[in-house]
Amino acid sequence: MTTSTAEVGKRPASAGRPERGAHAARGRKVPGWVPDLAWKLLRLVISIWAVLTLTFLMIQFIPGDPVRLALGPDAPASLVEERRHQLGLDQPLVAQYLDYWGRMLTGDFGDSLLSQQPVSLLVEARIANTATIVALSLLAISVVSILGGLLVGIATHRGRRPLLGTGFTLATGIAAALPDFLVAVGLVFLFAVTFTIFPVAGASSAASFVLPTLAITLGSAATMMRVVRSSTAVVLDQDYMLVARAKRLPSTRVYLRHGLPNLLTAALTLGGLQLGTVVTGTIVVENVFAIPGLGTALVQALTTRDYPVVQTIMVLLASAVLVLNLLIDVALGALDPRSKRQRG
Amino acid sequence: MTRKEDGSVGPGLATKWDFDGTKAVFTLDPNATCSDGSKITPSVIAKNFTWVKDPKNTSTVIGAVLPNRDFTFVADDAAGTFTLTLDSPFSNLLPSLSFMHQACGAGGENPAGLTTTSSGSGPFVLKTATPNSEYVMTKRPGFPGNDAPGVPDQVVMKIVDSESTAANLLLSGAINAAVVNGQDRARLTAAGATEKTYVSGGVVISFNHQEGRITADKAVRVALTQALERGAVAKVVTQGLLPEAGTSVSAAQPQICDDASAASAIPAFDASAAESTLTGDGWTKGGDGIMTKGGKQLAFQLGYSTATPGAAAAAELMADAFGKIGAKATISPFAQADYTQRVFTTGDYDVMLQQFSNPFPSTLIGLLAGPFPPDGTNAGHVANKTYADAVAAARTASTQDAACQSWTAASKALFEEADMIPIASWPTNWVVKNAVMDTLGGRPIAESVRLLQPR
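Given the structure is predicted, the values throughout are model-derived calculations rather than measurements.

Caption draft 1: A look at the state of the cysteines. Residue and element names in this part refer to chain B. A complete count under the given rule lists two disulfides over all chains for this structure. Note that Cys-34 is cross-linked by a disulfide to Cys-104, the S-S spacing being 2.0 Å. Across the disulfide from Cys-34 to Cys-104, rotation about the S-S bond amounts to roughly 80 degrees, and the bridge is consequently right-handed. Of the two residues, Cys-34 is situated in the loop between strand S4 (23–28) and helix H1 (42–53) and Cys-104 in the loop between helix H3 (93–97) and helix H4 (105–109); the sequence distance between them amounts to 70 residues. Neither residue differs from the other here; Cys-34 and Cys-104 are each classed as buried. Each disulfide pairs two cysteine sulfurs, and for Cys-257 the partner residue is Cys-404, the sulfurs being separated by 2.0 Å.

Put into structure tokens, the structure is as follows:
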């Protein structure tokens, strides 16, 4: 018999406070995870409502005249007023807010004030590039940080290989401190201009995504790697690891079967927090690499106060972060029931 | 219509024209065809004007090309003529029309479809469009000259906000031409790229005349102008590309009217004369070195748009120059949308460093002589009767020469009152590698693009 994460999680719930919804589950025979998931979904809905409302208010209160900007300096005042009326921008704020909600709920993101094309078309044309960068970055961050952190953690456990430990701390410290923008510029200079290995900009081929992904991955992976290394040191000192080693199980089985699952709680928790960093990093990096994604569209729309575009992209990006965080939350709950009790 | 390097108008779809100030009769090229192969007739042109005239389309042609919607037109397909009649004289009509594109074929029938396709008479046809990102055009078979050596089969236009990224793309061979005004030029020319600078607009300073603003006082405006060494500011704001002081408020080339002679009316740089202008107006220097009058300090806001490269450094130089004559300028950068609202609607500024790309002096009428907001865009409340009279004369002139004389007089009136002062000409610096092309007004001429080596 081995001691693993699942067994640790099997300790009686009475050791802590009762799980949310436990009483309801007893009375109505509702599975315990249902109220927990419902609570998480409610939190998600409230968060998305807050994001939508804040986005609406933020863009309203930034000074500027998007209609004049769109029509140009030559446009007569009457023409500006006509367009403003067409767009409903002459309506009271409350009416605009209700209209905004009405449109969002029906999936109508409106038309861009500048291009006058449906925002949905703009999103459709760009979302794949942004999703690709985010997905590749998350994958790279996960693989590099978990494997790297685990290996270095094992190699330097209990003060072994001090040079490697110091070098790791120094390198990850520097990598985590470098801003995405600076990393991106450095990568372009080295790998696209000096040695023309990857494209400078654009999203014309798979190779176009290598440098942007690297630029986003470096800092986040370094941060997470340090956490995984620390967690590895803690996990390796646990009794169940001692038992596993005492039973002379193969090293790979000891570390991957018994060590790794116990590391994932910390890695996933931090990974959830890194999601926001990855998404904001994507916005910056897309602009450096002139990638036609949601990040470049957002920056362009912000400078021109193209309300419908800004609102739609903000809502999409924020919702993506919130939904992914929910999934991580659910995964954490399944992986380690203790986290469910602690997180509420 | 098309425009030539010297600013005069040339034939386009119209091969002949007759214009008397209000009525223009255009004779169309009988061989002109659309990209879908259909003939471009006067009726096709009429569809474009119908669309522009319809208020529900809020066409930007109104105001920019045509003065208003009060025009009528008649298309005579049999005679091959299109007649446009304005409600009042407008001397800039012909050059203005060079900016109005004519949709033909399916695009003329359904202009809304032009968001993703093209339907025109030019040498390339739009294949795909990703707004604000990339536009791919393919060579139109059969278009005169398209079989010449070096004419590219495909032209890809990429929107790249960062000049450094554009420069990197040029160096890596991913693109052939880009507009690069800043410090990246050096490494591009070192790598064998060629560059050519075009005047595509101008940089000016505007003074707000609203009651209560410190710049409503003419002596203050004149003194602040005298404090500025405009050539030095020009060098900074154009990042060294066009270091000469500006002479026109509508400098974009090709200029419709050469009004450079009006620049003699700009108060010349002389810091001590600037102080004298202020002291003559009752201003006295306080212990802190700031001029005061009636208990009020000569302090104001100096704004600029953050979308104008070089403006931040120029504003610092200007604030320093103003400080030397006892004027305290607080530098205020504005995001482009905020800037346009202040300049055209709220008038919430004192002194604004502005960058325009207008080839027509008439573009500024709304700002400088029109009604105040909310009825117009004269947000700075400029009321210069000499300027307004000259503008009226220019607009109703029957010949272009007479119109230009009046436009020059109008510019002179602005400078004498220090309402708006030209600082610099605005550059568009094209850097080209492994290709050649000509531009007009800083924009590439499609027919002139040639690749020097296949890519």
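Caption draft 2: Broad picture of the domain arrangement of chain B. Residue and element names in this part refer to chain B. Domain parsing of chain B yields domain 1 (2–111), domain 2 (124–193 + 433–451) and domain 3 (199–428). With 13 residues of domain 1 at the interface, the matching set in domain 3 holds 13 residues. Buried area between domain 1 and domain 3, summed over both chains or domains, comes out near 1,100 Å², and the portion from carbon and sulfur atoms is 53%. In this assembly, domain 1 and domain 3 are joined by zero salt bridges. Counting the contacts that link domain 1 with domain 3 gives five residue pairs in polar contact (both at pLDDT 80 or more). Among the residues making up the side of domain 1 that touches domain 3, the classes are represented as five nonpolar, four polar and four charged.

Caption draft 3: Representation of the sheet that holds S4(B) in the model. All names here are of chain B. Spatially, S3-S4-S6-S5 is the arrangement adopted by the four strands of the open sheet, whose pairing is antiparallel. The sheet is open, and its two borders are formed by strand S3 (14–19) and strand S5 (71–76), each paired with just one other strand. Between one strand axis and the next, the sheet turns through 15 degrees on average, direction left out of account. One ladder, built from five bridges, connects S3 with S4; its direction is antiparallel. The partner of Ala-14 across the bridge, within S4, is Leu-28. Sitting on the sheet, H1 touches S4, S5 and strand S6 (81–86), and the angle it makes with S5 is about 160 degrees.

Caption draft 4: Focus on the pattern of salt bridges. One pass over the structure, following the stated rule, counts 23 salt bridges over all chains. A salt bridge links A:Arg43 to A:Asp329, with the shortest nitrogen-to-oxygen separation between them at 3.2 Å. Remark: A:Asp329 occurs in helix H14 (residues 307–335) and A:Arg43 occurs in helix H3 (residues 33–61); sequence separation between them is 286 residues. A:Asp329 gets classed as buried once you look at its relative accessible area, which sits at 9%. Close ionic contact of B:Arg185 with B:Glu195 constitutes a salt bridge, the shortest N to O distance being 3.1 Å. Taken together, the positions of B:Arg185 in helix H6 (residues 185–190) and B:Glu195 in strand S11 (residues 194–207) put the pair ten residues apart, joining distant regions of the chain. Judged by its relative accessible area of 34%, B:Glu195 falls in the partly exposed class. Each of B:Arg213, B:Asp338, B:Arg342, B:Asp348 and B:Asp350 takes part in one network of salt bridges that share partners.

Caption draft 5: Quick peek at the UniProt feature "domain: Solute-binding protein family" (unreviewed entry) in chain B. UniProt's feature table lists "domain: Solute-binding protein family" (unreviewed entry) at residues 9–362 of chain B, given in the numbering used throughout. The straight-line gap between the two end C-alpha atoms of residues 9–362 of chain B is 17 Å; of that span, 27% is helix and 25% is strand.

Caption draft 6: Structural context of the UniProt feature "domain: ABC transmembrane type-1" (unreviewed entry) in chain A. Those places that UniProt annotates as "domain: ABC transmembrane type-1" (unreviewed entry) correspond, in this numbering, to residues 127–328 of chain A. Along residues 127–328 of chain A one finds 82% helix and 0% strand; the C-alpha atoms at either end are 22 Å apart.

Caption draft 7: Local environment of the interface of chain A and chain B. Taken together, the contacts link 31 residues of chain A with 36 residues of chain B. Here chain A meets chain B over a buried area of about 2,800 Å², counting both sides, of which 59% is carbon and sulfur. Applying the counting rule to chain A against chain B returns one salt bridge. A salt bridge links A:Glu82 to B:Arg69; the nearest nitrogen and oxygen atoms lie 3.1 Å apart. For the interface between chain A and chain B, the tally reads three residue pairs in polar contact (both at pLDDT 80 or more). Of all the secondary-structure elements, those providing two or more residues to the side of chain A that touches chain B are helix H4 (66–71), helix H5 (77–87), helix H7 (119–155), helix H9 (180–194) and helix H13 (294–304) of chain A. Element by element, the count of residues in the side of chain A that touches chain B is highest for H5(A), at five residues. Residue classes in the side of chain A that touches chain B are distributed as 17 nonpolar, seven polar and seven charged.

Caption draft 8: Representation of the UniProt feature "transmembrane region" (unreviewed entry) in chain A. Residue and element names in this part refer to chain A. When the UniProt feature table is mapped onto this chain, "transmembrane region" (unreviewed entry) is found at residues 41–62, 131–155, 167–191, 197–219, 263–289 and 309–335. In residues 263–289, helix accounts for 96% and strand for 0%; the two terminal C-alpha atoms are 35 Å from one another. Spanning residues 309–335, this segment combines 100% helix with 0% strand, and its end C-alpha atoms are found 39 Å apart.

The rules behind each value
Residues numbered from 1 in each chain as written. Chains lettered and ligands numbered in written order. Predicted model: local features only at pLDDT ≥ 70, side-chain atom pairs only at ≥ 80, totals over all residues. Heavy atoms only, no water. Disulfide = S-S within 2.5 Å. Helix = DSSP H or I, 4+ residues; strand = E, 2+ residues; numbered from the N terminus. Buried < 20%, exposed > 50% of the residue type's maximum accessible area, 1.4 Å probe, protein only. Domains from an automatic or database assignment. Contact = heavy atoms within 4.5 Å. Buried area = accessible area lost by both parts, 1.4 Å probe. Salt bridge = Lys/Arg side-chain N within 4 Å of Asp/Glu carboxyl O. Polar contact = N/O pair within 3.5 Å; in protein donor to acceptor, adjacent residues only side chain to side chain. Nonpolar A, V, L, I, M, F, W, Y, C, P; charged D, E, K, R; others polar. Pairing = 2+ DSSP bridges. Axes fitted to C-alpha atoms, helices over the stretch in contact; angles between N-to-C directions. UniProt positions renumbered as here; feature names shortened; annotations may be inferred.

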